[in-house]
Amino acid sequence: MYFGDVLKALGRRWYVLVAGLVVIAVAAGLAIKWVPTQYEASGQMLLLLPADATGITTPTNPYINLQAGLITTASVVAGTLSTKDSQREMKAKGFTSEYAVALDPGGGPLLLITADDTNPQRAVATRDEVIKRLDGELARIQQDENVPVTQLIHSRTFSVTQFAEALPGSKIRALAVIGAVGVILTLIVALMIDRYRPARKRPRRSRARRSRETGPDDETQADPQSPSVDNDSELASSATSTVEHEVVGEPRR
């Protein structure tokens, strides 16, 4: 089937297209109403060394003294909060939002924290709890190693949003799926109906009906090759006269 044939079939079954569009519109409205909105609370945590980490007499700006060990420490702390045990413990404490802790791919000891939930307050609370636990884990691992005060790593938080932001992605994905599936099903139904229920042809009129509608003169004109009744009678009379003449004129033996 060519593209032109498809367009003609869809034109013949336009009512199926209209019904499909109505169903898609209703489904899209229900999706907007019933698909929950996702909210995300985010923040950043940067690990820093003290200013006097390079010596009391030669202090250094902590933001430019980003040693490779800070990146390793950030990765260890983030991994601890990402385990299944930590996630179960968070949920047991009432922080049920989905959260993630990742090391900034751009480099440096920067942790990215996000918490997603359909409830914005729960997302913010979970994000704050994750930051609190990251600080606690950072302090614990250094305390276990008796890190000197001049080398003690601390954290600074940045871009910590006060309110969770709405993410329209879930609704957009739902609308995209509804639109794609609805259009495909509508086209399939329209083409199937057009294939198995072709347009009805007008019935041919019978010869008798045409004769009643057009009259005998029209039939005679429509078929000029057929001889008329008068011509047949004249031919028969001429043949009879010829035979009689031949019989009368025959001499007696």
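Residues numbered from 1 in each chain as written. Predicted model: local features only at pLDDT ≥ 70, side-chain atom pairs only at ≥ 80, totals over all residues. Heavy atoms only, no water.

Under the annotation held in an unreviewed UniProt entry, the protein carries the name Capsular polysaccharide biosynthesis protein and is attributed to Antricoccus suffuscus.

## Structural notes on the overall build of the protein
A tally of regular secondary structure across the protein gives 9 helices and 5 strands. The helix and strand sequence of the protein, counted from the amino end, reads α-α-β-α-α-β-β-α-β-β-α-α-α-α. Residues classed as buried in the protein amount to 24% of the 253 residues present. Accessible surface, the protein: about 18000 Å² in total, of which carbon and sulfur atoms supply 59%. (Helix = DSSP H or I, 4+ residues; strand = E, 2+ residues; numbered from the N terminus. Buried < 20%, exposed > 50% of the residue type's maximum accessible area, 1.4 Å probe, protein only. Areas by Shrake-Rupley, 256 points an atom, 1.4 Å probe, with all protein chains shown as cover.)

## Brief notes about the side chain of N65
Of note, N65 is situated in the loop between β1 (38-48) and α3 (68-81). Apart from residues lying up to four places away in sequence, N65 is in contact with L49, A53, T54, T60 and L70. (Contact = heavy atoms within 4.5 Å.)

## Details of a nonpolar patch on the surface
Nonpolar side chains collect at one region of the surface, where W14, Y15, V18, V22, V26, L30 and W34 lie side by side and expose about 760 Å² of accessible area between them. Here V26 lies in helix α2 (residues 14-34). (Patch = residues over 30% accessible without salt bridge, like charges linked within 9 Å, V, L, I, M, F, W, Y side chains within 5 Å. Salt bridge = Lys/Arg side-chain N within 4 Å of Asp/Glu carboxyl O.)

## Here's the deal with the nonpolar core
Membership of the largest hydrophobic core comes to 21 residues, with the highest contact counts inside it found for M45, V101, L111, I113, V130 and L134. For this core, the secondary-structure elements that each account for two or more residues are β1, α3, β2 (98-103), β3 (110-117) and α5 (120-144). Considering each element in turn, this core owes the most residues, 5 residues, to α3. Residues in contact with L134, not counting those within four places in the same chain, are M45, V77, A78, L81, V101, L111 and I113. (Core = buried A, V, L, I, M, F, W, Y, C linked by side-chain atoms within 4.5 Å.)

## Side note on the pattern of salt bridges
Across all of its chains, the model carries 8 salt bridges by this definition. Between E89 and R133 there is a salt bridge whose closest N-O contact spans 3.4 Å. Residue E89 is found in helix α4 (residues 84-92), and its partner R133 is found in helix α5; the two are separated by 44 residues along the sequence. Notably, a salt bridge pairs E129 with R133, separated by 2.9 Å at the nearest N-O pair. Taken together, the positions of E129 and R133, both in helix α5 and 4 residues apart, correspond to about one turn of that helix. Overlapping salt bridges, with partners in common, bring together E89, E129 and R133 in one network.

## Digging into the pairing of β1
Bridge count for β1 against strand β5 (residues 165-167) is 3 bridges, and the pairing is antiparallel. Across the sheet, the residue bridging to Q38 is L167, located in β5. Inspection of the sheet shows β1 paired to β3 by 8 bridges, in the antiparallel sense. The partner of L46 across the bridge, within β3, is L110. (Pairing = 2+ DSSP bridges.)

## Here we look at α3
Under the 1.5 Å per step criterion, the end-to-end length of α3 is 21 Å for 14 residues, consistent within 8% with the ideal 20 Å. Buried positions along α3 lie against β1, α4, β2, β3 and α5. (Expected span 1.5 Å × (residues − 1).)

## Comments concerning the UniProt feature "transmembrane region" (unreviewed entry) in the protein
According to UniProt, the positions carrying the feature "transmembrane region" (unreviewed entry) are residues 14-35 and 172-193. Regarding residues 14-35, the helix share stands at 95% and the strand share at 0%, and the terminal C-alpha atoms are separated by 31 Å. As annotated, residues 172-193 has a helix share of 100% and a strand share of 0%, and its two end C-alpha atoms lie 32 Å apart. (UniProt positions renumbered as here; feature names shortened; annotations may be inferred.)

## Description of the pairing of β3
In this structure, β2 lies alongside β3, joined through 6 bridges in antiparallel fashion. The residue of β3 that forms the bridge with L103 is L111. What sits between β2 and β3 in their antiparallel hairpin is a turn of 6 residues, with G107 showing a positive phi close to 100 degrees.

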